[in-house]
Amino acid sequence: MATLVILIVFALFLTAIWTGGYDKQLLNRFRSHWLWDWITTVDHKKIGILYLIGGAFFFIIGGIEALLIRIQLLVPNNDFMVGDTFNELLSMHGTTMIFFVAMPLLFALMNVAVPLQIGARDVAFPFLNSLGFWLFLAGGILMNLSWIFGNAPDAGWTNYVPIASNEFSPGTGIDYYVLGLQISGIGTTMGGINFLVTIINMRAPGMSLLRMPMFTWTSFVASSLILFGFPPLTAGLFLVMFERLFGANFFDVAMGGNPVIWQHLFWIFGHPEVYIVILPAFGVMSDVISNFSKKRLFGYTSMVFATILIGFLGFMVWAHHMFTVGMGPVANSIFAVATMAIAVPTGIKVFNWLFTMWGGKIRFTTAMLWAVGFIPTFVMGGVTGVMLASPPADYQYHDSYFVVAHFHYVLIGGTVFGIFAGLYYWWPKMFGHKLGETLGKWHFGLFFIGFHLTFFIQHFIGLYGMPRRHFTYQPEDGLTTLNQISTVGAFFMAAGTIVWLINIIKSARSAIPAGNDPWDGRTLEWAISSPAPEYNFAQLPQVRSLDAFWFEKMEGNKKMIPAEPLGPIHMPSSTHWPFIMTIGFFISGLGFVFRSLEVGVLGLILVFLTMFIRSFEQDHGYHIELDEIEKTEKGANA
Amino acid sequence: MSRGKHLGRLLFVFSMIALLMAGCEEPAKSVLDPQGSTGEEQLTLIKISIYIMAFVFAVVMVIFIYVLIRYRQKPGDDSIPEQVEGSTKLELLWTVIPIILLAILAVPTVATTFSLAEKPSEEEEALTVKVTAHQYWWEFEYEDYGFKTAQELHIPKDKKVYLKLTSRDVIHSFWVPALGGKTDLNPGQTNTMTIDAKKVGTYEGRCAELCGAGHALMNFEVVVDEEQKFDQWVAQRQEPSSQPQTAAQERGEEVFSQNCMSCHAIDGAELERKGNKAPNLTGFGERDKIAGVLENNDENLEKWLKHPDKVKPGSYMPSFDFLNEKDMKSLKAYLQSLE
């Protein structure tokens, strides 16, 4: 506690000195700094970019962890990173990639695209949006601090008890996992609620539910999965936290507990989580494929209902992760059949994508290449998914490299390909310039080949008897060559990612303006300037059809028909409270990790204090005046 | 640009060769080459699902490749394609066909799920073995014969073996790929599974649920013998030769009683107590492997005794590097003499 106070005072002194000494101008100097602008922003487009930076940062960390894992598996009985270190690597790799890469990068796309696609000026709760981002970042940083302080989580991203209990994982590792996820989970839940409300309430005139772009639809369903899926995780994490910090006995058999409860809670969250990260990617694919085939999405209505059905069934199948737990043949059969049923709506989607391209005029831009590469890859992951749904077969696949191959086909072939497609597609709308197409194709090529090289082979590694999460194998197992190929593939993927980073820097340097509508777009976001102005739409557009902008273009209009006269636009003010509230959560989390209850409570007091201040703050936002809007619009059209 | 294409092709060829090379190696334990009826039933189901899914994948790929070639935009063609809304007929088609395919898969799935869960009948005279998993070793208790062993599960050929599986610490999972799929071993719960083997041999087993630092080396073996040989083995376990024969072995027994006895047990030896925290070492000299990992020879035994943690990370066994050379030699001699 005392250490903390000293550290805080010291940090304040240092900031004051570095920024030019403490005087009356200090606060003003803070406020005029560009960083302050980003910290306090409530603009969904800026928050989207923040999510992108955060997600990309953790993507690199998670990727390095993956490479270390593959290096360890290069030769049998390697002693590069064994035992607990290896377990820490695989746990942090999985947790990071799911919670701090896939989720934030999808939130980045949702923030950038959804309000624009539905013709809104911002999200419904800009404050929550900002808070959600900062909480995600705080959770991610908190968990990764475990590398620096030693003792990273080592019980897998699934964190099964009793291996995650004090007895078998002493030290602070699992506490980082529990508190890091708890904090970022609050942020995610807020994000989900925010997008639900935004999509329900803030659509432009004429944008009926069945005129919404597919990405908006999938974001909507994914958000509702977040709303129902995260509470079980929160509850489960609380149980683990109370067991570890305060000696509760929910999972301890000797005290009448049951470790299988955690598995149920985790997977009641965990399976919908899979759809939370795949559905928005489906949405990106639908938009990208339709756009670059110059065709309306084939079977739009059935696509919408397939999405809803996948979301609904997603809650009925969690126990297929637990076929070997010993639930008995009745439960196993029910969950098997329910799982197989999901293949039907997913199949509908795949065929609809194929027939969207059928008869179209396909342009192979980089965004479209990711979408095209996605189809066979994702179908591969999907068919192995059906194979896994059969319990007797699953007894063999379960927890072997076959499963590792399956979920990487779905999560990389589906989610990551989708994210990359979305980034190449919306990059001009985010930054005003495209990502380079030539480097983009190299990025795709290296990553695609590397991906299949790494993971196709892992199906066989699994069938030849290698369980997942093993830090080594024996020379006589006959797995050496296969593992080496897999490792080589991983480095191809790393090379692809490096090309992507180079591409970002190069295209930012040259920054060739892309124009408002670089892809001959179909949806509303392409009707406004790039990057989008602060207020998005000077006048809210009147939506007359699905693919609203395309419809107007076909009618011979260059712009959307406005639904309101030009007038002053009401905007929410920037606020620093989300950031300060997050600092409260972060201090609290760190306090509990180090088993210092005073610091933990102090952090929570800071949280409640900021909530209190926020509740009584009189802030009605501000207006952008007419002449300013006219000036911006003129500049954009010139 | 053409250089880029060239390199792309090269990469493709390279990856294909890599895939081919991978086929040359012979895996030691394979799901695809089952040696018992449980594994065979599971493989049948795996095959059914692979055939159905290969068909689905092929259909998708044919349409996919056709579409990509046929409908790519040709240079100079700026016409706008017809904006098709959908087709009820087609959409019904790719809803109904998958349902039928899944029904074809679901029926044997459910049937096999139930048949695999059945307990062997009285007439089959199954051998019952209680399997208890520990961090990071396996205990096999032959309840019918009244003895325990570790790391090697001996079973007779062509006989059903009914396993009762539980754990004493964390969750583990019992997997012998060549004989059948996994079953978890949960603390405070007993799961069951039935296996059998149709061929004499030694089959590799693994722990398949992350159980801690030594998870990757929590290996075991299933040794399948003709019934007669198995009966001999049982008799040997019931009446083991655990008495030291030479002076060195006698000293070894003493060292054992001073250092090892509180955790390890040896049936038939004159020891004050039989520890149950670590593997039962009766008949240790006949085992293939030390700790399930190292080949059982003198050199490896010393390596293991001196630094167990270096061989198997997280192992609870303390290191015995403080024993003097003579004691170490005697201990090894005694352990190797156990039959």
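If you're wondering where the values come from, they're calculated on a predicted model, not measured in any experiment.

**Some thoughts on the overall build of chain A**
And then number 1: Across its full length, chain A carries 20 helices and two strands.
And then number 2: Computed over the C-alpha atoms, the radius of gyration of chain A is 25 Å, within 12% of the 26 Å expected from 2.2 N^0.38 for a compact globule of 638 residues.
And then number 3: Projected onto the principal axes, the alpha-carbon positions of chain A cover approximately 75 × 70 × 45 Å.
And then number 4: Considering only contacts within chain A whose residues lie at least 6 apart along the sequence, 81% involve residues at least 24 apart.
And then number 5: Roughly 21900 Å² of accessible area belongs to chain A as shown, and the carbon and sulfur atoms make up 71% of that amount.

**Things to note about the sheet that holds strand β8 (residues 191-195) of chain B**
Residues and elements named next belong to chain B.
And then number 1: Spatially, the five strands line up as an open sheet ordered β3-β2-β1-β5-β8, and their pairing is mixed. Of all the strands in the sheet, just β3 (147-150) and β8 have a single pairing partner and so form its edges. For this sheet, the mean inter-axis angle between neighbouring strands, taken without regard to orientation, is 25°.
And then number 2: Both strand β1 (residues 127-134) and strand β5 (residues 161-167) contribute to a ladder of seven bridges, which runs parallel.

**Regarding the interface of chain B and chain A**
And then number 1: Each partner contributes to the interface: chain B provides 95 residues, whereas chain A provides 101 residues.
And then number 2: Three residues stand out in chain B for area buried against chain A, namely Y71(B), W94(B) and L210(B), and they jointly supply 9% of the buried area on that side.
And then number 3: Our count for the chain B to chain A interface comes out at three salt bridges.
And then number 4: The salt bridge partner of K361(A) is D77(B), with a shortest N-O separation of 3.5 Å.
And then number 5: Connecting chain B to chain A are 24 residue pairs in polar contact (both at pLDDT 80 or more).
And then number 6: Residue classes in the side of chain B that touches chain A are distributed as 54 nonpolar, 26 polar and 15 charged.

**A closer look at the packing of helix α9 (residues 260-292) of chain A against helix α10 (residues 300-313) of chain A**
Residues and elements named next belong to chain A.
And then number 1: Two numbers describe how α9 lies on α10: the axes approach to 11 Å, and their chain directions differ by 170°. Accordingly, the angle class assigned to the pair α9 and α10 is roughly antiparallel. Along its contact with α9, which presents Y275, L279, F282 and S286, the element α10 presents M303, T307 and I310.
And then number 2: Residues of the contact of α9 with α10, tallied by class, amount to five nonpolar, two polar and no charged.

**A closer look at the nonpolar core**
And then number 1: If you look at the biggest cluster of nonpolar residues, it comprises 237 residues, and the most contacted ones within it are W353(A), L354(A), M357(A), I375(A), W138(B), L163(B) and F174(B).
And then number 2: Ranked by the residues each element gives to this core, the list is headed by helix α5 (residues 83-117) of chain A, at 18 residues.

**With respect to the sheet that holds strand β9 (residues 201-207) of chain B**
Residue and element names in this part refer to chain B.
And then number 1: Read across the sheet, five strands follow the order β4-β10-β9-β6-β7 without closing on themselves; strand pairing throughout is mixed. The outermost strands of the open sheet, each flanked by one partner alone, are β4 (152-156) and β7 (180-185). Here the average twist between neighbouring strands, direction ignored, is 25°.
And then number 2: Of the strand pairs in this sheet, β4 and strand β10 (residues 220-225) are connected by five bridges, and their pairing is parallel. Note on β10: the bridge partner recorded for E152 is E221.
And then number 3: Against the sheet, helix α4 (residues 227-238) makes contact with β4 and β10, and its axis sits at roughly 135° relative to β4, the strand it touches most.

**Thoughts on the environment of N332(A)**
And then number 1: Looking at the secondary structure, you find N332(A) in helix α11 (residues 329-357).
And then number 2: Overall, N332(A) belongs to the buried group, its relative accessible area being 2%.
And then number 3: For the pair N332(A) and P345(A), spaced 13 residues apart in sequence, the C-alpha separation works out to 22 Å.
And then number 4: Not counting the four nearest positions on each side in its chain, N332(A) is found in contact with F323(A), M327(A), P391(A), Y395(A) and T113(B).
And then number 5: Here F323(A) takes part through its backbone oxygen, which lies 3.3 Å from a polar atom of the side chain of N332(A).

**Quick notes on the UniProt feature "transmembrane region" (unreviewed entry) in chain B**
Residue and element names in this part refer to chain B.
And then number 1: Mapped onto this numbering, the UniProt entry annotates "transmembrane region" (unreviewed entry) at residues 48-69 and 90-111.
And then number 2: Regarding residues 48-69, the helix share stands at 100% and the strand share at 0%, and the terminal C-alpha atoms are separated by 32 Å.
And then number 3: Spanning residues 90-111, this segment combines 100% helix with 0% strand, and its end C-alpha atoms are found 33 Å apart.

**Comments concerning a nonpolar patch on the surface**
Residues and elements named next belong to chain A.
And then number 1: Residues V5, V9, F13, I17 and W18 make up a contiguous nonpolar surface patch of roughly 580 Å² in combined accessible area.
And then number 2: Structurally, the position occupied by W18 is in helix α1 (residues 2-18).
And then number 3: Residue classification places W18 among the exposed positions, given a relative accessible area of 70%.

**Quick word on the packing of aromatic side chains**
And then number 1: Applying the stated rule across the entire model yields 73 aromatic pairs over all chains.
And then number 2: Consider the rings of F140(B) and F220(B), whose centres lie 6.1 Å apart with planes at 50°: the pair is tilted. Of this pair, F140(B) sits in strand β2 (residues 137-142) while F220(B) is found in strand β10, placing the two residues 80 residues apart along the sequence. Accessibility assignment for this pair places F140(B) and F220(B) in one class, buried.
And then number 3: For the ring pair Y142(B) and W233(B), a centre distance of 5.4 Å and an interplane angle of 65° mean the geometry is edge-to-face. On the criterion of sequence distance, the pair formed by Y142(B) in strand β2 and W233(B) in helix α4 is long-range, its members being 91 residues apart. In this pair, the class of Y142(B) matches that of W233(B), namely buried.
And then number 4: The positively charged end of R522(A) is found above the aromatic ring belonging to W550(A), 4.4 Å away from the centroid.

**Re the environment of N258(A)**
Residues and elements named next belong to chain A.
And then number 1: Tracing the backbone through its elements, the reader meets N258 in the loop between α8 (214-246) and α9.
And then number 2: Accessibility expressed as a relative area gives 34% for N258, which makes it partly exposed.
And then number 3: The contact partners of N258, leaving out residues within four places of it in the chain, are F250, F251 and D252.

**Some details on the packing of α9(A) against α11(A)**
The geometry of a pair of packed helices is captured by two quantities: the angle between their axes and the separation between those axes.
Residues and elements named next belong to chain A.
And then number 1: At a minimum axis separation of 9 Å, α9 and α11 run at an interaxial angle of 20°. The angle between α9 and α11 falls in the class roughly parallel. With respect to the hand of their crossing, α9 and α11 are arranged in left-handed fashion. Note on element contacts: α11 touches α9 through I342, T346, K349, W353, T356 and M357, opposite Y275, F282, M285, S286, I289 and S290.

**Focus: the pairing of β2(B)**
All names here are of chain B.
And then number 1: Of all six residues making up β2, five are buried, and the element is well covered by its neighbours.
And then number 2: Looking at chain direction, β1 and β2 are connected through five bridges and run antiparallel. What sits directly across from V131, in β2, is F140.
And then number 3: Between β1 and β2, which pair antiparallel in sequence order, lie two residues.
And then number 4: When β2 meets β3, the two strands line up antiparallel, connected through four bridges. Among the inter-strand pairings, F140 is bridged to a residue of β3, identified as T149.

**Digging into the UniProt feature "domain: Cytochrome oxidase subunit II copper A binding" (unreviewed entry) in chain B**
And then number 1: Those residues carrying the UniProt feature "domain: Cytochrome oxidase subunit II copper A binding" (unreviewed entry) are residues 124-236 of chain B in this numbering.
And then number 2: Helix and strand shares over residues 124-236 of chain B are 9% and 52% respectively, and the end C-alpha atoms of the span are 25 Å apart.

Quick notes on the rules
- Residues numbered from 1 in each chain as written.
- Chains lettered and ligands numbered in written order.
- Predicted model: local features only at pLDDT ≥ 70, side-chain atom pairs only at ≥ 80, totals over all residues.
- Heavy atoms only, no water.
- Helix = DSSP H or I, 4+ residues; strand = E, 2+ residues; numbered from the N terminus.
- Rg over C-alpha atoms; globule rule 2.2 N^0.38 Å.
- Contact = heavy atoms within 4.5 Å.
- Areas by Shrake-Rupley, 256 points an atom, 1.4 Å probe, with all protein chains shown as cover.
- Pairing = 2+ DSSP bridges.
- Axes fitted to C-alpha atoms, helices over the stretch in contact; angles between N-to-C directions.
- Buried area = accessible area lost by both parts, 1.4 Å probe.
- Salt bridge = Lys/Arg side-chain N within 4 Å of Asp/Glu carboxyl O.
- Polar contact = N/O pair within 3.5 Å; in protein donor to acceptor, adjacent residues only side chain to side chain.
- Nonpolar A, V, L, I, M, F, W, Y, C, P; charged D, E, K, R; others polar.
- Parallel < 35°, antiparallel > 145°, perpendicular 65-115°, else oblique.
- Core = buried A, V, L, I, M, F, W, Y, C linked by side-chain atoms within 4.5 Å.
- Buried < 20%, exposed > 50% of the residue type's maximum accessible area, 1.4 Å probe, protein only.
- UniProt positions renumbered as here; feature names shortened; annotations may be inferred.
- Patch = residues over 30% accessible without salt bridge, like charges linked within 9 Å, V, L, I, M, F, W, Y side chains within 5 Å.
- Phe/Tyr/Trp six-rings, centres within 6.5 Å; stacked < 30°, edge-to-face > 60°.
- Lys NZ or Arg CZ within 6 Å of the ring centre and 35° of its normal.
- Left-handed = near helix turned anticlockwise from the far one by under 90°.

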